[in-house]
Amino acid sequence: MNDQTKQSVTTEIVGDIALVAIDNPPVNALSVHVRQGLQNAVATINAGGAAKVIAIYAKGRTFIAGADITEFGKPPMPPALPDLLNEVEQSAIPVVCVLHGTALGGGLETALAAHARVAIKGSRIGLPEVLIGLLPGAGGTQRVPRLAGIPVALDMCLSGRQVKVEEALTMGLVDRLDEGDPRDVALRAAQDVLNGALETRRVCDIETVADDEALDAARAMVAKKHPNLVSPQACIEAIAVSTGPLLDGLKVERKAFMDCLNTPQRAGLIHAFFGERAVANVPEKSATPRDVASIGVIGGGTMGSGIATSALLAGIPVTLVEVTDEALQRGVATITGNLDGAVKRGKLSAEKRDATLAKLTPATGLEALGDVDLVIEAVFEQMDVKKEIFGKLDTICKPGAILASNTSYLDIDEIASVTSRPADVIGLHFFSPAHIMRLLEIVVGDKTAPEVTATGFALAKRMGKVGVRAGVCDGFIGNRILAHYAKTAAYLVMDGATPQQVDQALEDFGFAMGPHKVGDLAGLDIGWMTRKRKAADMPSNERYAGDVADRICENGWFGRKTGQGYYIYEGRDMRPNPEVAKIIESERQKAGITPRSFTDQEIVDRYLTAMIVESARVVEDGIALRPLDVDIVFLMGYGFPRFRGGPLHYADTIGAAELVRRIEEYAKEDPHYWQVPDLLRDMARDGRSFADINKEA
Ligand code: 3H9
């Protein structure tokens, strides 16, 4: 037993009861020393013969939240959790577990190996392994169906959702709810085991009720919804064998778990898990955020209303400002609709909806913002308009108020320059629909004060969003990279691919939607406006990317909102637009291009390489703090497949040397577009990866 073992698992004997406490902050993960500690505790208590019941509980904010994810991918360290849990289940002395906080993954599996489970009201249980590319690997797929049936096991393992213990009680996964401090509850539970008021039994002795229909339905659902993912299928097949002897089922589960552990998907999803948390590690993290008790939102369009909804859902009172009564009413109606949607999605109770809406104050005129702590401007993207508004806000807003712009690409420093308080100015770039999308780019200007940046991160957290720090440049992290790689899709189409082939190849790679479908959804007029805005600055040797898209827009076809774009939309149906095929053909002729064929792999390679090129430049320029910041922006805001971990995590699976080779190959066709970023060239020379840069940052 090493020192850490002593600290993380302790045994206290109270009469006939052995209280085993787990203490491994922050979330009591089952790190090797905890497993060793538990194993020793159960063995020692069994050997000692003094105690008649063992009660396991955890100190701190939660019962065990799962295996220690940081151990995955490293050499295994005994005892393996499944073996330990079999020992717990076979303990001659009955074991009861007390759950509080979030008993997840291996934490719930520990409890299922015990002989009774008592949960503290308000806590949650779950098997979230699928969210990190795994399946429950310590009995979850075998013991949950025994206790609660195959449909419950499928639901929990495939969704990864956290189940309230009140619901878990009705499922049979916990035996009793209680209230109070985990140690007191553990004592009570143990006493009840001793006096027979709390029944104990081994889950391995229960037989799973077969349910082939539920299994087939789950197989069909997974094949349709997650065709790329390995672990959901593995979950189903492990649950399917739970009707046989437990030890046989555990073997199948263990093998599937180890197979999943070795997939790039597991690595990608765990990178995403830690990346989402690591992005909060910014130079300003020790600054004290300012209090934000009220927010002003300027602009009641889709973005402004979405931002206002997000703030209201976080419980923050909002003053919504529009120019006319009519526009204001439209904004209020959008917010009301958004809140109704939140009720439907179960994010807001029907009772709370009215109270939430009551926190909205509609107003015409910026004067209404004199008292708010933070203003978010969300009007259309024109520098003159933004400057005029910020000039006025400077005179209207109270000292210390933060002035934020939701601009998606404009220069925050230039906006700040019209105020007498540039230190209070920041970019808060939300993604549409702002009350649903979890990404917030926090754009830090040259003069932005550290506590203003810290306030941006605190606000993101309150709104349930993930804030990513970005520097000032055209498009910040996400839109700057998008502006670059989007051209690849246009070039591929001009050179011979169809928009449908490009979309399908990228959807097969894992994107929720191909770029042409995304363009149709967002509105093709947005890209058209951007191309016009940038036309004057376009270098003479740059290949124009708007030949086809401009023609489509000139017809007034802006995508879904006009009923057609690259595709034609009729009700829920969507089909390729035959007129676009004609436009493509005529544009190719005009440009003298003889179309050639591309394989789906070539399409994916070019598109992803272009994305990686600009991502590398964004890191090189310091616009993103680290490669992982780019990854999180793309996973959370641009539909990049989570199981691929983000563009720069994916880049590491290709390797810098191979990327350089590819870029140089493509450069033979277009040396302006395909240039090797210095960072990538250095990495190839030194044999370094983006993961190395993340570690060093
Ligand atoms: C598993 O159990 C496999 C088994 O079936 C079979 C094994 C053989 N490990 O999220 P937070 C860190 S797979 C290591 O900010 P919250 C986290 O990185 C596992 N570290 O807090 C953060 O570190 P830092 C199944 C972990 O209150 C700190 O703890 N379980 C782990 O918002 C605080 O986390 C899961 O997948 C871990 N398992 O949320 C549960 N979990 O402060 C994953 C967290 O340095 N965890 N950390 O940034 C969660 O969902 C949330 O962390 C939780 C708390 C809900 C627990």
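Remember, predicted model here, so these are calculated numbers, not experimental data.

Conventions we followed
Residues numbered from 1 in each chain as written. Predicted model: local features only at pLDDT ≥ 70, side-chain atom pairs only at ≥ 80, totals over all residues. Heavy atoms only, no water. Helix = DSSP H or I, 4+ residues; strand = E, 2+ residues; numbered from the N terminus. Rg over C-alpha atoms; globule rule 2.2 N^0.38 Å. Buried < 20%, exposed > 50% of the residue type's maximum accessible area, 1.4 Å probe, protein only. Contact = heavy atoms within 4.5 Å. Areas by Shrake-Rupley, 256 points an atom, 1.4 Å probe, with all protein chains shown as cover. Lys, Arg positive; Asp, Glu negative; His and termini not counted. Charge placed at Lys NZ, Arg CZ, Asp CG, Glu CD. Pairing = 2+ DSSP bridges. Axes fitted to C-alpha atoms, helices over the stretch in contact; angles between N-to-C directions. 1 Å grid on protein atoms, 1.4 Å probe; cavity = no way out; pocket = protein on both sides within 12 Å on 5 of 7 lines; lining within 4 Å. Points joined across faces, edges and corners; volume = space filled by probe spheres on them. Nonpolar A, V, L, I, M, F, W, Y, C, P; charged D, E, K, R; others polar. Expected span 1.5 Å × (residues − 1). Domains from an automatic or database assignment. Parallel < 35°, antiparallel > 145°, perpendicular 65-115°, else oblique. Left-handed = near helix turned anticlockwise from the far one by under 90°. Near = heavy atom within 4 Å. Polar contact = N/O pair within 3.5 Å; in protein donor to acceptor, adjacent residues only side chain to side chain. Phe/Tyr/Trp six-rings, centres within 6.5 Å; stacked < 30°, edge-to-face > 60°. Lys NZ or Arg CZ within 6 Å of the ring centre and 35° of its normal. Salt bridge = Lys/Arg side-chain N within 4 Å of Asp/Glu carboxyl O. Arc of directions from axis to C-beta.

### Observations regarding the overall build of the chain
1) Next: Each helix and strand in the chain was counted, giving 30 helices and 19 strands.
2) Next: For 697 residues, the compact-globule estimate of 2.2 N^0.38 gives 26 Å, and the C-alpha radius of gyration of the chain, at 28 Å, lies within 12% of that figure.
3) Next: The dimensions of the chain, computed from C-alpha atoms along their principal axes, are 85 × 60 × 55 Å.
4) Next: Counting all 697 residues of the chain, 55% fall into the buried class.
5) Next: By sequence separation, contacts in the chain at least 24 residues apart represent 72% of the contacts at least 6 residues apart.
6) Next: On the chain, roughly 29,100 Å² of surface is accessible, and the fraction owed to carbon and sulfur atoms is 53%.
7) Next: For the chain, the distance from the average site of its 75 positive side-chain charges to the average site of its 91 negative ones is 1 Å.

### Quick look at the sheet that holds strand S17 (residues 466–470)
1) Next: Strand order across the open sheet formed by eight strands is S12-S11-S10-S13-S14-S15-S16-S17, with mixed pairing between neighbours. Edge positions in the open sheet fall to strand S12 (360–364) and S17, since each of these has one partner strand only. On average, each strand axis in the sheet is tilted by 25 degrees relative to the strand beside it, whichever way the strands run.
2) Next: Here strand S14 (residues 402–405) runs beside strand S15 (residues 425–430); their pairing, made up of three bridges, is parallel.

### With respect to empty space enclosed by the protein
1) Next: A complete count under the given rule lists one cavity of 30 Å³ or more for this structure.
2) Next: Considering only enclosed or pocket space, the largest cavity measures out at about 80 Å³ in volume.
3) Next: If you trace the largest cavity, you find it lined by Ala 490, Tyr 491, Val 493, Met 494, His 516, Tyr 544, Ala 545, Gly 546, Asp 547, Val 548, Ala 549 and Tyr 566.
4) Next: Secondary-structure elements contributing two or more residues to the lining of the largest cavity are helix H19 (478–495) and helix H23 (547–554).
5) Next: The element best represented in the lining of the largest cavity is H19, accounting for four residues.
6) Next: The class makeup of the residues in the lining of the largest cavity is nine nonpolar, two polar and one charged.

### Quick word on helix H2 (residues 32–48)
1) Next: Across its 17 residues, H2 extends 24 Å between first and last C-alpha, which sits within 8% of the 24 Å expected from 1.5 Å per residue.
2) Next: Gly 49, located one to two residues past H2, shows a positive phi value of around 75 degrees.

### As for the domain arrangement of the chain
Many authors give the size of an interface as the accessible area that is lost as the parts come together.
1) Next: Domain parsing of the chain yields domain 1 (3–262), domain 2 (295–476) and domain 3 (479–623 + 655–696).
2) Next: Here domain 1 and domain 2 have C-alpha centroids that lie 43 Å from each other.

### Concerning the packing of helix H25 (residues 600–620) against helix H26 (residues 627–637)
1) Next: Relative orientation of the contacting elements H25 and H26 amounts to 130 degrees, with a least axis distance of 9 Å. On the basis of their axis angle, the class for H25 and H26 is oblique. Seen along the crossing, H25 lies across H26 with a hand that is right-handed. Here H25 contributes Met 611, Ser 615, Val 618 and Val 619 to the contact with H26, which in turn contributes Pro 627, Val 630 and Phe 634.
2) Next: Among the residues forming the contact of H25 with H26, the class breakdown is six nonpolar, one polar and no charged.

### Some words on the packing of helix H14 (residues 325–344) against helix H15 (residues 350–357)
1) Next: One can describe the packing of H14 onto H15 by two numbers: an axis separation of 10 Å at closest approach and a directional angle of 155 degrees. As far as their axial angle goes, H15 and H14 are roughly antiparallel. The way H14 lies across H15 gives a crossing that is right-handed. Contacts between H14 and H15 involve Ile 335, Thr 336, Leu 339, Asp 340 and Val 343 from the former and Ala 350, Arg 353, Thr 356 and Leu 357 from the latter.
2) Next: Grouping the amino acids of the contact of H14 with H15 by side-chain chemistry returns five nonpolar, two polar and two charged.

### Description of the site of the ligand
1) Next: In the neighbourhood of the ligand, 27 residues make up the surrounding shell, with Arg 61, Gly 106, Glu 109, Glu 129 and Arg 277 lying closest.
2) Next: Between an oxygen atom of the ligand and a side-chain N or O atom of Arg 61, the distance comes to 2.6 Å.
3) Next: One of the side-chain N or O atoms of Arg 277 is found 2.7 Å from an oxygen atom in the ligand.
4) Next: In isolation the ligand offers 1,000 Å² of accessible surface; the protein chains occlude 72% of this area.
5) Next: Of all elements in the fold, only strand S5 (102–104), helix H4 (106–113), helix H11 (246–261) and helix H12 (264–278) reach the threshold of two or more residues within the shell around the ligand.
6) Next: If you tally residues by element for the shell around the ligand, the top one is H12, at three residues.

### What about unusual backbone geometry?
1) Next: Cis geometry marks the peptide bond from Pro 25 to Pro 26; its omega dihedral reads 5 degrees.
2) Next: Along the chain, Ser 432 connects to Pro 433 via a cis peptide bond; the corresponding omega equals -5 degrees.
3) Next: Positive phi outside glycine occurs at Asn 28, with the angle close to 55 degrees.
4) Next: Topologically, Asn 28 is positioned in the loop between strand S2 (17–22) and H2.
5) Next: Look at Asn 28 and you get buried, because its relative accessible area is 2%.

### A closer look at the pairing of strand S10 (residues 295–298)
1) Next: Both faces of S10 are covered, namely the face carrying Ile 295 and Val 297 and the face carrying Gly 296 and Ile 298.
2) Next: When S10 meets strand S13 (residues 374–377), the two strands line up parallel, connected through four bridges. In the sheet register, Gly 296 faces S13, and the bridge partner there is Val 375.
3) Next: Sheet topology places S10 next to strand S11 (residues 318–322); four bridges connect them, and they run parallel.

### Observations regarding the sheet that holds strand S4 (residues 95–99)
1) Next: Strands sit in the order S1-S2-S3-S4-S6-S9 across an open sheet of six strands; the sheet is mixed. The sheet is open, and its two borders are formed by strand S1 (9–14) and strand S9 (176–178), each paired with just one other strand. Put simply, the sheet's adjacent strands are angled 25 degrees from each other on average, direction ignored.

### Section: the packing of aromatic side chains
Centre-to-centre distance and the angle between the planes together describe a pair of aromatic rings.
1) Next: The full count for this structure, using the stated rule, is 15 aromatic pairs.
2) Next: When the centroid spacing of 5.6 Å and the interplanar angle of 75 degrees are considered together, the rings of Phe 431 and Tyr 638 count as edge-to-face. With Phe 431 in the loop between S15 and strand S16 (439–443) and Tyr 638 in the loop between H26 and helix H27 (647–654), this pair connects stretches of sequence that are 207 residues apart.
3) Next: By relative accessible area, which is 7% here, Phe 431 ends up buried.
4) Next: Three or more aromatic residues link up through ring pairs in this structure, and these residues are Phe 431, Tyr 485, Phe 509, Phe 511, Tyr 607, Phe 634, Tyr 638, Phe 640 and Tyr 650.
5) Next: Stacked on the ring of Trp 528, the Lys or Arg Lys 532 has its end atom at 3.7 Å from the ring centre.

### What about the pattern of salt bridges?
1) Next: Within the structure shown, the criterion is met by 52 salt bridges.
2) Next: Arg 183 is the partner of Glu 12 in a salt bridge, and the nearest nitrogen-oxygen pair spans 2.6 Å. With Glu 12 in strand S1 and Arg 183 in helix H8 (residues 182–194), this pair connects stretches of sequence that are 171 residues apart.
3) Next: According to the relative accessible area criterion, Glu 12 is partly exposed, its value standing at 31%.
4) Next: Since its relative accessible area comes to 26%, Arg 183 is described here as partly exposed.

### Considering H11
1) Next: Taking 1.5 Å of rise per residue, the 16 residues of H11 would be expected to cover 22 Å, and the 22 Å separating its terminal C-alpha atoms lies within 8% of that figure.
2) Next: Those residues of H11 that sit buried are Leu 246, Gly 249, Leu 250, Glu 253, Ala 256, Phe 257, Cys 260 and Leu 261. Relative to the axis of H11, the buried residues are bounded by an arc of 135 degrees and lie together on one face. Turned more than 90 degrees away from the buried face of H11 sit Leu 247, Lys 251 and Lys 255, all of them exposed.
3) Next: In the core, the buried residues of H11 are packed alongside helix H3 (81–89), H4, helix H5 (140–148), helix H10 (231–240) and H12.

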